[in-house]
Amino acid sequence: SIVAAVKEGRGIFENIKKSIMYLLAAHIGELVLMVLAVAVGTPLPLVAVQLLWVNIATDGPPALALAFDPPEPDIMRQPPRNRKRGIFTRPVTRLIMLISVWIGLTTFGVFEWALQSGRSEIEAQALCFVTLIMIEKVAALSCRSERHTLWEVGVLGNKWLLVAIIGTILLSLPLIYVPSLQSYFHTYSLSLADWGIVILASGTLFIVAEGGKLLW
């Protein structure tokens, strides 16, 4: 019973840490995006209603789902945690900064590329908006562990996280394809080529985050 209680306690602490890691990485990434736009002098890559949608509708469910993540395979082989050590250890801080900076750089890159390729400001904002939604779902998967890669903890290990990711993406589709919502959210009907750009840009975070864990 004592061993089971220790395992449960460690699991709860780790899951709180995962949720905080994800929310901080996502929100700092949005901050990096907006600061970059202001520093470079481009139009704002996101309007207020898009930021509200991301923060309220698409960030919350994955953060909650991370609270149901199963314990990592070696959780009981770790030494006891120092009671004075907080959540923000070096591996946690390092992963948060890596993910947040990459989210900001990638979404700004998509926005700037769209403007330079002759897209309208609304089209560029829409591509940036959808890329931000998708790349933050990749971030949620990477935040399942600050030490282990995604294939070590298992892609399908947390079914609630998968439901949250798929659900929030489906919830966002009407904003892109329903004409009456497009004017409010500065979106347009994305083509297959547009989705290819979004998915490729978002997928780079998986390489960066998981590669960073391997290097560290």
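Predicted, not measured: the structure shown is a model, and the values here were computed from it. (Residues numbered from 1 in each chain as written. Predicted model: local features only at pLDDT ≥ 70, side-chain atom pairs only at ≥ 80, totals over all residues. Heavy atoms only, no water.)

Below, the discussion takes up the overall build of the protein. Helices and strands together make up the secondary structure of the protein, namely nine helices and zero strands. In sequence order, the secondary structure elements of the protein are arranged as α-α-α-α-α-α-α-α-α. Here the protein has a C-alpha radius of gyration of 18 Å; the compact-globule value for 216 residues is 17 Å, and the two agree. Each of the three principal axes of the protein carries a C-alpha extent, and together these read 60 × 35 × 25 Å. For the protein, the proportion of its 216 residues judged to be buried stands at 47%. In the protein, once contacts between residues fewer than 6 apart in sequence are set aside, the share between residues at least 24 apart is 81%. Summing over all exposed atoms, the protein offers an accessible surface of approximately 10,800 Å²; the carbon and sulfur share of this is 72%. Between the averaged position of the 17 positive side-chain charges in the protein and that of its 15 negative side-chain charges there is a distance of 14 Å. (Helix = DSSP H or I, 4+ residues; strand = E, 2+ residues; numbered from the N terminus. Rg over C-alpha atoms; globule rule 2.2 N^0.38 Å. Buried < 20%, exposed > 50% of the residue type's maximum accessible area, 1.4 Å probe, protein only. Contact = heavy atoms within 4.5 Å. Areas by Shrake-Rupley, 256 points an atom, 1.4 Å probe, with all protein chains shown as cover. Lys, Arg positive; Asp, Glu negative; His and termini not counted. Charge placed at Lys NZ, Arg CZ, Asp CG, Glu CD.)

A few words now on the packing of helix 5 (residues 121-142) against helix 9 (residues 192-215). Between helix 5 and helix 9, the least distance of the axes is 9 Å, while the angle of their chain directions is 30 degrees. Classified by the angle between their axes, helix 5 and helix 9 sit roughly parallel to one another. Considering only the axes of helix 5 and helix 9, their crossing is right-handed. Where helix 5 abuts helix 9, its residues L127, V130, T131, M134, I135, V138, A139 and S142 lie against D194, W195, V198, A201, S202, L205, F206, A209, E210 and K213. In terms of residue class, the contact of helix 5 with helix 9 is made up of 12 nonpolar, three polar and three charged. (Axes fitted to C-alpha atoms, helices over the stretch in contact; angles between N-to-C directions. Parallel < 35°, antiparallel > 145°, perpendicular 65-115°, else oblique. Left-handed = near helix turned anticlockwise from the far one by under 90°. Nonpolar A, V, L, I, M, F, W, Y, C, P; charged D, E, K, R; others polar.)

Attention shifts here to a nonpolar patch on the surface. Side chains of I2, V3, V6 and M76 sit close together on the surface and give an oily, nonpolar patch of about 380 Å² of accessible area. Considering the arrangement of structural elements, one finds M76 in the loop between helix 3 (60-65) and helix 4 (90-116). Assessed through its relative accessible area of 36%, M76 is described here as partly exposed. (Patch = residues over 30% accessible without salt bridge, like charges linked within 9 Å, V, L, I, M, F, W, Y side chains within 5 Å. Salt bridge = Lys/Arg side-chain N within 4 Å of Asp/Glu carboxyl O.)

Attention now goes to the packing of aromatic side chains. For the structure on display, the rule yields two aromatic pairs. Positioned above the aromatic ring of F13, the side-chain terminus of R81 is 3.9 Å from the ring centre. (Phe/Tyr/Trp six-rings, centres within 6.5 Å; stacked < 30°, edge-to-face > 60°. Lys NZ or Arg CZ within 6 Å of the ring centre and 35° of its normal.)

On to the side chain of T149, then. Tracing the backbone through its elements, the reader meets T149 in the loop between helix 5 and helix 6 (150-153). Apart from residues no more than four positions distant in its own chain, T149 is found in contact with E210, K213 and L214.

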